[in-house]
Each structure stands twice: as structure tokens, then as C-alpha cells.
Amino acid sequence: MPEAAAPGHARFAGRVAFVTGAGRGIGEAVVRTLYAHGASVFATDIDGEAVTALAARLAEEARAARPDGTPPPGRFLPRRLDVADPDAVRAAVADAVAELGPVDILVNVAGVLHTGPATAVDDAAWDRLFAVNAGGVFHTARELAPAMAERGRGSIVTVASDAAGVPRVGMAAYAASKAAATMFTKCLGLEYARSGVRCNVVAPGSTDTAMQRSLWEDDSVPHRVLEGDPGRYRNAIPLGRIADPADVADAVAFLASDEARHITMQQLYVDGGASLR
Ligand SMILES: NC(=O)c1ccc[n+]([C@@H]2O[C@H](COP(=O)([O-])OP(=O)(O)OC[C@H]3O[C@@H](n4cnc5c(N)ncnc54)[C@H](O)[C@@H]3O)[C@@H](O)[C@H]2O)c1
């Protein structure tokens with residue numbers, strides 16, 4: 001029998017989460033959601049100042065929400081980490097376990113974007129896309145999945161992209177790196193299924209973050225994202241809105257939680273229906 005889900009805000013009480021790319025955007029929304037539901041969070045990002053500032057904001061928000069001084073149920077530790085560096089990932093995982101205990105949940109959010117015609121991508125951009133978007137997922141999973149298997153439980157969620165499954169003009173290298181991350185996560189899920197470790201993918205569509213806005217070269221772009229762009233073979237968003245980071249974080253939290261206990265190797269599109277799947 002699965003463990004009973006903890007009630008209310010304590011959905012992740014006693015759980016330890018390791019999150020990459022936590023400094024802003026979708027990663028920030030993920031750590032906020034897990035922390036708000038009781039998890040202890042090891043929040044990492046290549047931008048160390050961003051996660052340190054986030055930790056300070058969360059501490060301030062917790063103080064305001066609990067004027068009697070009751071501590072929040074989980075802890076929140078920020079850490080600078082480049083997921084493309086395997087030695088740094090190994091060291092960060094060791095520190096996370098030493099500080100917070102065995103990791104129950106891994107969420108891979110760290111990602112970089114590079115756009116341009118498929119045959120005009122230079123070697124450095126190709127290598128960095130794969131080192132971060134695919135290599136980062138490999139590095140964290142390699143450090144964390146075996147220990148999860150030894151304990152007989154764990155959940156790994158990779159935030160990939162709808163572009164991993166839907167061809168996009170100007171996104172060949174990015175989409176290929178996200179497809180690699182997606183299939184690595186699914187194969188990992190197959191190999192680790194009998195050990196009680198579930199591995200799933202969240203595939204966001206257009207989500208309002210700094211990365212998304214870097215694609216908006218003029219004021220007409222948000223309209224074209226919503227209504228579609230036939231010149232780029234791009235669908236409209238049927239639900240009629242660009243996602244908030246919290247929309248993606250809620251899907252991540254579901255897959256990370258015991259409520260998804262019989263779900264593994266799945267790819268959940270959070271795209272307002274744009275991929276028409
Ligand atoms: N925003 C979108 O529309 C969208 C759509 C589909 C997929 N995604 C994916 O969702 C994830 C989060 O995207 P976002 O929109 O919040 O992006 P963002 O650029 O706003 O945030 C990405 C975070 O990852 C961090 N990061 C970058 N390289 C890193 C590295 N080597 N090691 C550790 N951290 C690193 C950045 O510092 C940043 O804090 C990414 O993987 C992105 O590819 C985003």
C-alpha cells in the first residue's frame with residue numbers, strides 16, 4: 001500500500017527535494033510550491049546570487065506568514081551549481097544529503113536556450129545546449145537515482161519542452177537537447193521502475209519567464225504566441241493564455257507527489273493545448 005498523503009499544506013512534509021535552475025522563472029515556482037507544501041529544498045542555480053536572494057525572500061515571507069515565530073515545516077538551502085559540471089553536481093548532492101538527509105525528489109529545471117537556423121548553430125552553442133539541457137539531467141540523475149533505489153522510493157521530474165516533441169522553426173538544437181533529456185528520463189524510469197523510483201517529464205509550452213521574453217523581439221510576439229504564427233508553422237494556444245510559471249510548477253508537484261504513485265515514464269504537456277496532442 002502507498003503511504004497516505006499528508007493532509008493540506010504538508011503534502012511534502014518530511015521530504016527532501018533537490019532542484020536545479022531554481023533561481024528564477026519555472027525553477028523558482030517549483031521550489032516555492034514544494035517548500036510551501038512542507039518539503040525541505042536544496043535550491044541550486046548557476047546564478048548563486050539569485051538563489052541566495054530567493055532564500056532571503058522566502059525567509060521574510062515565512063516570518064510575515066507566521067508572526068508567532070513558528071518555523072516553516074521544511075528548510076531551504078541555496079547553492080550555486082552549474083549542472084554541466086559533473087564534479088560540482090557530485091559535491092552539491094553530497095552537501096544536500098549531509099545537510100538535509102536523503103533526497104526524495106529531484107527536479108531538473110536548469111536550461112538554456114539558443115535559437116537560429118538549424119545549420120547555422122555554431123559548435124559552442126550546440127555543445128552548451130547539450131551540456132546543460134541533457135548533460136545536466138544525466139549528471140544529477142546519476143548521483144541521485146541509485147540512492148533513491150536503495151531506499152526503495154524517489155521521484156525524478158525533468159522539465160523539458162514541448163519543442164522536444166513538436167518541430168519548431170529556429171529551435172533545432174534546443175529541441176534536440178530537450179528530446180535527449182526527455183528520452184534519457186524515460187529510459188531511466190524504465191530501468192529504475194522496479195526500485196520504486198518514478199521518472200517523468202513535464203513539457204511546458206510558452207511560459208512567461210525571462211527565457212520566453214528573450215524570444216519577444218517586438219510587441220507583436222505575445223499576440224503571435226497566443227494566436228499562432230502560420231509563417232513559422234506554429235499553432236495558437238487553444239486555452240488562450242501564456243502559462244504562468246506556477247502552472248508548470250503545479251504539474252511538477254503532482255508528478256513528484258504520492259498522488260502520482262502509479263505514473264512513470266510519462267511526458268505531461270503543460271501548453272494550453274498548443275501541441276494538439
Ligand atoms: N519559458 C518557456 O516558455 C519554456 C518553455 C519550455 C521549456 N522551458 C524550460 O523550462 C526550464 C526553465 O525555463 P525558464 O523559462 O524558467 O528559464 P529562465 O531562463 O527564466 O530560468 C532558467 C534558470 O536556469 C538557470 N541555469 C541556466 N544554466 C544553468 C546551468 N548550467 N546550471 C544551473 N542552472 C542554470 C538560470 O540561471 C535560470 O535561473 C528550462 O529548462 C527551459 O528550457 C521553458
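None of these values were measured; they are calculated from a predicted model.

Conventions adopted
- Residues numbered from 1 in each chain as written.
- Predicted model: local features only at pLDDT ≥ 70, side-chain atom pairs only at ≥ 80, totals over all residues.
- Buried ≥ 20, exposed ≤ 12 C-beta atoms within 10 Å, placed from the backbone.
- Helix = DSSP H or I, 4+ residues; strand = E, 2+ residues; numbered from the N terminus.
- Right-handed = clockwise from strand over helix to strand, strands pointing away.
- Pairing = 2+ DSSP bridges.
- Axes fitted to C-alpha atoms, helices over the stretch in contact; angles between N-to-C directions.
- Left-handed = near helix turned anticlockwise from the far one by under 90°.
- Contact = placed C-beta atoms within 7 Å.
- Nonpolar A, V, L, I, M, F, W, Y, C, P; charged D, E, K, R; others polar.
- Near = placed C-beta within 6 Å.

Glancing now at the pairing of strand 1 (residues 16-20). Of all five residues making up strand 1, five are buried, and the element is well covered by its neighbours. Read as a crossover between parallel neighbours, the route from strand 1 over helix 1 (residues 25-36) to strand 2 (residues 40-45) is right-handed. Examined bridge by bridge, strand 1 and strand 4 (residues 105-108) share four bridges and lie parallel to one another. Within the sheet, the bridge partner assigned to valine 19 lies in strand 4 and is valine 107.

All right, on to the packing of helix 3 (residues 86-100) against helix 4 (residues 123-151) then. Look at helix 3 against helix 4: their axes get within 9 Å of each other, and the N-to-C directions meet at 35°. Here helix 3 runs over helix 4; the crossing is right-handed. Contact residues: Pro86, Val89, Arg90 and Val93 in helix 3; His139, Thr140, Glu143 and Leu144 in helix 4. Of the residues in the contact of helix 3 with helix 4, the class split is four nonpolar, two polar and two charged.

Let us look at the site of the ligand. The full set close to the ligand counts 30 residues, and Gly21, Gly25, Gly111, Thr209 and Met211 are the nearest of them. Those elements that place two or more of their residues in the shell around the ligand are helix 1 and helix 6 (210-213). Here the residues of the shell around the ligand sort into 15 nonpolar, eleven polar and four charged.

A separate point is the sheet that holds strand 3 (residues 76-80). An order of 3-2-1-4-5-6-7 is seen for the seven strands of this open sheet, with the pairing classed as parallel. Of all strands in the sheet, those with a lone pairing partner are strand 3 and strand 7 (267-270), marking the two edges. For this sheet, the mean inter-axis angle between neighbouring strands, taken without regard to orientation, is 15°. Contacting strand 2 and strand 3, helix 2 (residues 48-65) runs over the sheet at an angle of about 165° to strand 3.

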